[in-house]
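An overview of the molecular structure
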Amino acid sequence: MNAHLNWIEREAPGLTTALVERLGRRAGSIFNAMGAAACEAVAGRMIAALAADLRAGKDTAGREAMLALIQQHAGSGLGYADLRNLTTTLRTLVLASLAGAAEVEAAERQRVDDWLFQLVLVGAMRFVAHREQVFQEQAAQLEVRQLESQLEELKAAFDEKTQLLETIRQASTPIAPVYPGILALPLVGVFDAQRAQLLTERLLQAITEARANVVILDISGVPVFDTEAAQLILRTAGAVRLLGTEMILVGVSPAIAQTIVGLGVDLAGLKTLSSLQDGLAHALALRRVQIVPVVASGKR
């Protein structure tokens, strides 16, 4: 066995004990807080790494031991001051022990000194790299939490907007009973597929509840009447007819009439009138109801 290996094997137990004792002295140090057993494990790993690298002529074991120490204890409060205390104390103890080993040649002494110096550099670089990684992970987690929070806010805003639009849609399609058995439904705004579905559902429910025989649909407030709007109204009329109720389409202006003719839409199966007044009169006639003037009291 080489002289330097004789020396490190002989001195390893005493170096480990001395290192544990020195590290435990420093108040506030993580080595003081972790307890004697854990501190002894750290010290023993460092001395064993020195012995292994002296055998192999490398620095691998020392680097791995330092990395393991940082990864294991950085989250528990290991700071740079603790690492510096560990490396400087280890250096002091090893060089003092080496000074008494006359059999170790100068080249081997330099090799030990270089290993100790490399351990200081590795500890600093590994610690900084680990802290940077932790900071990046924390920043990424914070960004994810912020994005999740923004997503929740957007979802809440979207749900609120959807509910508001639904309220507006329902408010823009009021179904009014104008006479027993007669419902009036004025349309205001764009008439699209979604609104048609809502209108049909509400209208069928209102017909059932009111036992209506006639529905007056006023489209004078619809700004654009195209093929899609006409088809949607025909579908609604068909659904209403299945309940035994007749639909009257009113508010057909000359412009809308020309549009219907130009589009080639067939509304032959649907009663159409120009005004709400005409539609109401026709609905009353279907109900065999006649409106007569009220004669003022005292007049003949």
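Owing to the predicted nature of the structure, the values given are computational and were not obtained by experimental measurement. Sequence positions are assigned chain by chain, starting from 1 and proceeding in written order. The predicted nature of this model means local features are confined to residues of pLDDT at least 70 and side-chain atom pairs, given and counted, to a pLDDT of 80 or more, with totals for whole chains, interfaces and linings taken over all residues. Excluded from the side-chain calculations are hydrogens and water; all other atoms, namely the structure's heavy atoms, are used.

Some words on the overall build of the chain
- Secondary structure elements follow DSSP: runs of H or I of four or more residues count as helices, runs of E of two or more count as strands, with numbering from the N terminus. Counting its regular elements, the chain contains ten helices and five strands.
- Every radius of gyration here is taken over C-alpha atoms, with the globule rule written as 2.2 Å times N^0.38, N being the number of residues. In summary, the chain has a C-alpha radius of gyration of 46 Å against a globular reference of 19 Å for 300 residues, an excess of more than 25%.
- When the backbone C-alpha atoms are referred to their principal axes, the chain occupies close to 145 × 50 × 30 Å.
- Within the chain, the fraction of its 300 residues that count as buried is 35%.
- Only heavy atoms enter the contact rule, under which two residues are in contact if any of them lie within 4.5 Å. Summarising the internal contacts of the chain: among those between residues at least 6 apart in sequence, 70% fall at separations of at least 24.
- In these tables, accessible area is a Shrake-Rupley quantity obtained with a 1.4 Å probe, and a residue counts as shielded only by the protein chains included in the view. Carbon together with sulfur atoms contributes 55% to the accessible area of the chain, which is approximately 17600 Å² in total.
- Positive and negative side-chain charges of the chain, numbering 28 and 31 respectively, have mean locations separated by a distance of 7 Å. Categorising residues by exposure relies on relative accessible area from a 1.4 Å probe, with only protein chains included: less than 20% of the type maximum marks a residue as buried, more than 50% marks it as exposed, and the intermediate range marks it as partly exposed. For the purpose of charge, His is not counted, nor are the chain termini; Lys and Arg are scored as positive and Asp and Glu as negative. Taken as the charge location is NZ of Lys, CZ of Arg, CG of Asp or CD of Glu.

A short note on the pattern of salt bridges
- When a carboxyl oxygen of Asp or Glu lies within 4 Å of a side-chain nitrogen of Lys or Arg, that pair is called a salt bridge. With the rule as written, the count across this model stands at eight salt bridges.
- Ionic pairing is found between Arg111 and Asp59, a salt bridge with its closest N-O pair at 3.3 Å. Of this pair, Arg111 sits in helix H6 (residues 106–171) while Asp59 sits in the loop between helix H3 (36–56) and helix H4 (60–73), and the two are 52 residues apart along the sequence.
- Relative accessible area serves as the criterion here: at 23%, Asp59 is assigned to the partly exposed category.
- Taken together, the shared-partner salt bridges connect Arg10, Glu11 and Glu103 into one network.

Observations regarding a nonpolar patch on the surface
- Together, Phe117, Leu121 and Met125 line one region of the surface with nonpolar side chains, adding up to about 300 Å² of accessible area.
- Mapping Phe117 onto the fold places it in helix H6.
- Since its relative accessible area comes to 48%, Phe117 is described here as partly exposed. Patch membership needs two things, relative accessible area over 30% and no salt bridge, and members are linked within 9 Å if like-charged or within 5 Å if nonpolar (Val, Leu, Ile, Met, Phe, Trp, Tyr).

Describing unusual backbone geometry
- Not every positive phi belongs to a glycine, and Arg211 is a case in point at roughly 50 degrees.
- Within the secondary structure, Arg211 is located in the loop between helix H7 (193–210) and strand E3 (214–221).

What to know about the pairing of strand E1 (residues 176–179)
- Two strands qualify as a pair provided DSSP detects at least 2 bridges between them. Sheet topology note: the E1/strand E2 (residues 182–188) ladder contains three bridges and is antiparallel. By the bridge assignment for E2, Pro177 is matched with Leu183.
- Hairpin connection between E1 and E2: a loop of two residues separates the two successive antiparallel strands, and Gly181 in this loop has a positive phi of roughly 90 degrees.

Looking at the pairing of E3
- The element E3 is extensively covered by neighbouring structure, given that six of its eight residues are classed as buried.
- Across six bridges, E2 lies against E3 in parallel orientation. The residue bridging Pro186 from the neighbouring strand is Asp218, located in E3.
- For the crossover from E2 across H7 to E3, the handedness is right-handed.
- Alignment of E3 against strand E4 (residues 246–250), held across five bridges, turns out to be parallel. What sits directly across from Ile216, in E4, is Ile248.
- Looking down the strands as they point away from you, a crossover is right-handed if its path from the first strand over the helix to the second goes clockwise. Assessed by its sense of winding, the connection that carries the chain from E3 through helix H8 (residues 227–242) to E4 is right-handed.

A word on the environment of Ala212
- In this structure, Ala212 sits in the loop between H7 and E3.
- The class of Ala212 is buried, set by a relative accessible area of 5%.
- With 33 residues separating them in the primary sequence, Ala212 and Tyr179 have C-alpha atoms 9.2 Å apart.

Points about helix H10 (residues 276–286)
- Restricting attention to buried positions, one finds in H10 the residues Gly279, Ala283 and Leu284. For H10, the arc enclosing every buried residue in end-on projection is 135 degrees, short of the 170-degree limit, so these residues lie on one face.
- In this structure, the buried residues of H10 make contact with E1, E2, E3 and E4.
- Taken from the residues just after H10, Arg288 is the one with a positive phi, measuring 60 degrees. The arc in question is formed by the directions pointing from the helix axis toward the C-beta atoms.

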